[in-house]
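Results of the structural survey
Next come the chains, spelled out residue by residue.
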Amino acid sequence: MLARMTNRSPRALGIDVGGSGIKGAVVDLDTGEFACDLIVIPTPQPATPDAVAAAIADLARRASWDGPVGVALPSVIKDQVALSAANVDPAWVGTNAHELLARHLGTASISVLNDADAAGLAEVAFGGAAVRDGAVIFLTFGTGIGSAFFVDGVLFPNTELGHMTVGNAEAEHQASSAVKDRLGLSFPQWAGRVDTVLREFERLFNPAAFIVGGGISEDADAWVPLLTVDTPVIPATLRNRAGIVGAAMAAAVHLTP
Ligand code: BGC
């Protein structure tokens, strides 16, 4: 309790930056529930650092929020610097996201982390037990494929399995949910592609389980039973909310990977 009162805020604003939308909400960190309505702003195009930071500041204003802010980005984040930019503008590479956001938000109480890492941390804190049990790979299927590795709930950050070459293409170029939409694939057709990718991840990493999140995990019944991979595939319980909740958690404990 003392630790909570001294090191953690009970609420923080979590923001998840995606290729098409920037989503945010104030999160109650005791329950993982949203403490305000979800706010969604279209991702500015091009999604340059300044344009995205201005949109995030706008979102914070709409939430009437001036406390800690956590931001999940589709980028490798080391020492708060973005080292990759898969579905946002290439100008993010080399950007100190913390400094940029501090300038736009007028506060230094900011944590920036990879979006899949954020979603995985939220699942560890508020989701089902499987993600906390041994060596597991948490995956998000959306515009790309995000990954987060956990051993007994402890994160190994900044893994980028979506960019692993499987066959002759990157995993996310064949099996993200954006690819399913773009090619008009049925669930069975898409599940075949996911299976190929998971089999390769299984061959190389041998996790105890894959925990699958992202919007398409809401339809898990339509595709998870079709997979033939030997490793158990378990739908995440937090679904699309996870990135926001995990970003808020990072802000509250001043996590700055
Ligand atoms: C990015 C990752 C991100 C994932 C999901 C990938 O393209 O490289 O950093 O976690 O998409 O957004």
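What you are looking at is a predicted structure, and each value in this text was computed from that prediction instead of being measured.

Okay, the environment of N87 next. Along the polypeptide, N87 turns up in the loop between β6 (81–82) and α3 (97–105). A relative accessible area of 29% places N87 in the partly exposed class. The residues contacting N87, other than those within four sequence positions of it, are G19, T143, G144 and E172.

Bringing the domain arrangement of the chain into the picture now. The domain architecture assigned to the chain consists of domain 1 (11–117 + 241–253) and domain 2 (130–236). Between the C-alpha centres of domain 1 and domain 2 there is a distance of 24 Å. Residue-level contacts link 11 residues of domain 1 with 13 residues of domain 2. Both faces considered, domain 1 and domain 2 share a buried interface measuring about 810 Å² in area, 48% of it formed by carbon and sulfur atoms. Across the domain 1-domain 2 interface, the total number found is 0 salt bridges. One can count 2 residue pairs in polar contact (both at pLDDT 80 or more) joining domain 1 with domain 2. Listing elements by their share of the side of domain 1 that touches domain 2, those giving two or more residues are β5 (77–78) and α4 (115–126).

What you tend to see is this: most non-glycine residues have negative phi, and most peptide bonds are trans. In the segment running from Q45 into P46, the intervening peptide bond is cis, with an omega of -5°. Mapped onto the secondary structure, P46 falls in the loop between β3 (39–42) and α2 (49–62).

With that settled, consider the sheet that holds strand β1 (residues 11–17). The 5 strands are arranged β3-β2-β1-β4-β7 in an open sheet whose pairing can be described as mixed. Looking along the sheet, the strands with just one partner apiece sit at the ends: β3 and β7 (110–114). The sheet shows a mean angle of 20° between the axes of neighbouring strands, direction not considered. Strand direction decides the pairing type here: strand β4 (residues 69–73) and β7, joined by 5 bridges, are parallel.

For A209, the location among the structural elements is in strand β13 (residues 209–213). With a relative accessible area of 6%, A209 lands in the buried category. Measuring from C-alpha to C-alpha, the distance between A209 and T107 comes to 39 Å, with 102 residues separating the pair along the chain.

Reading across from one edge, β10-β9-β8-β13-β14 is the order of the 5 strands in this open sheet, with mixed pairing throughout. Looking along the sheet, the strands with just one partner apiece sit at the ends: β10 (154–156) and β14 (233–235). Mean inter-strand twist for the sheet, computed between neighbouring axes without regard to direction, equals 30°. Bridge count between β13 and β14: 3 bridges; the pairing is parallel. The residue of β14 that forms the bridge with V212 is P235. In the packing of helix α7 (residues 187–205) onto the sheet, contacts are made with β8 (135–141), β9 (145–151), β13 and β14, and the angle to β8 comes to roughly 150°.

Bringing the site of the ligand into the picture now. Taken together, 13 residues lie around the ligand, and N114, D115, E160, H163 and E172 are the ones closest in. Between the ligand and E172, the relevant distance is 2.8 Å, taken from an oxygen atom to a side-chain nitrogen or oxygen of the residue. The protein chains hide 93% of the 310 Å² of surface that the ligand would expose on its own. Only α4 and β9 provide two or more residues apiece to the shell around the ligand. Of the residues in the shell around the ligand, the class split is 4 nonpolar, 6 polar and 3 charged. Each of domain 1 (11–117 + 241–253) and domain 2 (130–236) gives at least three residues to the shell around the ligand.

Parameters and conventions
- Residues numbered from 1 in each chain as written.
- Predicted model: local features only at pLDDT ≥ 70, side-chain atom pairs only at ≥ 80, totals over all residues.
- Heavy atoms only, no water.
- Helix = DSSP H or I, 4+ residues; strand = E, 2+ residues; numbered from the N terminus.
- Buried < 20%, exposed > 50% of the residue type's maximum accessible area, 1.4 Å probe, protein only.
- Contact = heavy atoms within 4.5 Å.
- Domains from an automatic or database assignment.
- Buried area = accessible area lost by both parts, 1.4 Å probe.
- Salt bridge = Lys/Arg side-chain N within 4 Å of Asp/Glu carboxyl O.
- Polar contact = N/O pair within 3.5 Å; in protein donor to acceptor, adjacent residues only side chain to side chain.
- Pairing = 2+ DSSP bridges.
- Axes fitted to C-alpha atoms, helices over the stretch in contact; angles between N-to-C directions.
- Near = heavy atom within 4 Å.
- Areas by Shrake-Rupley, 256 points an atom, 1.4 Å probe, with all protein chains shown as cover.
- Nonpolar A, V, L, I, M, F, W, Y, C, P; charged D, E, K, R; others polar.

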